[in-house]
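# Notes for the structure review
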Amino acid sequence: MKKLLILCKVVDNFGDIGVVYRLCRAISEQNDEYKISLVVSCLDSFSKMADEIDPSLEHQVFLGMDVYDWNASDLCKKQFESDVPEYILECFQCGRPDWLEEIIFHPDFNKVVKIINVEYLTAESWADECHLLKSGTRSANVKKMNFFPGFTNKTGGLILDENFISCRNDRFYSVKLAEESLGKSFMDFFHLDDENHFNILLFSYPMDFSFLVNALNGMSLKKKVSVFVANGAGKESFMKVSSLLEKNISLVELPYIPQKVWDALLTLMDFAFVRGEDSFSRSCLIGKSFAWNIYPQDEEYHFVKLIAFLERMKPFFSESCFSLIREFFVLYNFDLSRTLGDDALDALTGFDFPKSREEHLSRMEKLCLGMFNANPDLDSMFFDFSESILQNGNLAVNLLDFMKTY
């Protein structure tokens, strides 16, 4: 059996390890030719989505793969110095632990190692151009290639693990999975057989959520509303204003949830506010209405990525619906206190920026309620977009096929 070493340095709480954990499962489902060793910098984050992971252990076996603490230098160096896997997945340009650098760049190291940098997801056109592009290293024995997930057939596509596909395609499966994990009484909040009920998930970065509270209150005049608030960075800021919710709105604070169950919950929502690469990519594939809170970058460069993504979506939406989505997505990620760099300004050319906090919140409230009311028309457009992504295949399969020729 061949060996595959996968490296994950956790930067954004759950997004990085979420993608890598899913990738590990998807590779295992497609191929039993590789024995996976997963090295993670923050096992605590991993344990939040996989109950079986013990953050205190330097080494453990989980789902048939060896899981190592990135920081356990002595153990890891002893484990791998005599048997470095031929293939190493270096996820999201995470770099390599010092102990691994010492091994593969030692003067006496004479084995050929093939590193594949599995990049962050982006809709920018350069992802097509840089997919399968070589990178240099300081040793002829250490080769490196870039592998990009993406939204076109010129990239590696997105991860399609079996559990997610079952959740996407089988509502009964999602309900059963969620009920088994969270209990039947929890599922009562969904009112799944009631067309006059609206289920909303909030998984976001911190911000002033008074706009959302007002939009939810407006929605509650037409339908019964349940709001499911996920653990994470944005929960506290929403809870600060949650007392302003109308009494007929159900507020559900979610515990930390295993990734497989999270997939089920996402598919059962009528609208989702998501952040982090894993939840973002799942939302793109589910085919239901969502809003994306993108990870902020210096000089607000994330707007370049956001607009590129919106342009990928545009062909699948009516002009009026796309205008609604575009304006909300931009305002949802806009911060009056931060200065836009030149690249962000170019991406947002012609956009009507709010002049005050009050205007910002008022416009988001109106747009948010507009999106809620546009459901299910929006859903059909998001679904068409998701179907187009599925045509690009499973990233895990595409990656394994590439490794056969690398």
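The structure contained in this document is the topic of the report that follows.

Rules behind the numbers
Residues numbered from 1 in each chain as written. Predicted model: local features only at pLDDT ≥ 70, side-chain atom pairs only at ≥ 80, totals over all residues. Heavy atoms only, no water. Patch = residues over 30% accessible without salt bridge, like charges linked within 9 Å, V, L, I, M, F, W, Y side chains within 5 Å. Areas by Shrake-Rupley, 256 points an atom, 1.4 Å probe, with all protein chains shown as cover. Salt bridge = Lys/Arg side-chain N within 4 Å of Asp/Glu carboxyl O. Lys, Arg positive; Asp, Glu negative; His and termini not counted. Charge placed at Lys NZ, Arg CZ, Asp CG, Glu CD. Helix = DSSP H or I, 4+ residues; strand = E, 2+ residues; numbered from the N terminus. Buried < 20%, exposed > 50% of the residue type's maximum accessible area, 1.4 Å probe, protein only. Pairing = 2+ DSSP bridges. Contact = heavy atoms within 4.5 Å. Axes fitted to C-alpha atoms, helices over the stretch in contact; angles between N-to-C directions. Core = buried A, V, L, I, M, F, W, Y, C linked by side-chain atoms within 4.5 Å.

### What to know about a negative patch on the surface
Side chains of Asp298, Glu299, Asp342, Asp343 and Asp346 sit close together on the surface and give a patch of like negative charge. Along the chain, the position of Glu299 falls in the loop between strand E13 (290-293) and helix H13 (302-313). For Glu299, a relative accessible area of 56% puts it in the exposed group.

### A closer look at the pattern of salt bridges
For the structure on display, the rule yields 27 salt bridges. A salt bridge links Glu300 to Arg338; the shortest N-O distance between them is 2.4 Å. Highlighted residues: Glu300 in the loop between E13 and H13 and Arg338 in the loop between helix H14 (319-332) and helix H15 (342-347), separated in sequence by 38 residues. The class of Glu300 is buried, set by a relative accessible area of 2%. Across the pair Arg363 and Glu359 runs a salt bridge whose closest N-O atoms are separated by 3.2 Å. You can see Arg363 and its partner Glu359 sitting in helix H16 (residues 357-374), four residues apart, about one turn around the helix. Given the relative accessible area of 14%, Arg363 is considered buried. Since its relative accessible area comes to 25%, Glu359 is described here as partly exposed. Through salt bridges with shared partners, one network takes in Arg22, Arg25, Asp161, Asp263, Asp278 and Arg282.

### A look at the sheet that holds strand E1 (residues 2-8)
Pairing is mixed in the open sheet, where eight strands are placed in the order E3-E4-E2-E1-E5-E6-E8-E7. For this open sheet the edge positions go to strand E3 (59-62) and strand E7 (134-135), each flanked by a neighbour on one side alone. Bridge count between E1 and strand E2 (residues 34-40): seven bridges; the pairing is parallel. Opposite Ile6, over in E2, you have Leu38 as the bridge partner. Across the sheet, helix H18 (residues 395-405) touches E1, E2, strand E5 (87-90), strand E6 (113-118) and strand E8 (142-147), and the angle it forms with E8 is around 150 degrees.

### Overview of the nonpolar core
One finds Phe46, Phe273, Phe309, Phe328 and Phe372 to be the most contacted residues of the largest nonpolar core, which totals 134 residues. Counting residues per element, this core draws most heavily on H14, which supplies nine residues. Ignoring anything within four residues of it in the chain, the contact list for Phe372 reads Phe198, Ile200, Leu212, Ala215, Leu216, Met219, Phe271 and Phe273. Core analysis: the second largest hydrophobic core is formed by 20 residues, Trp70, Ala72, Phe109 and Val142 among them.

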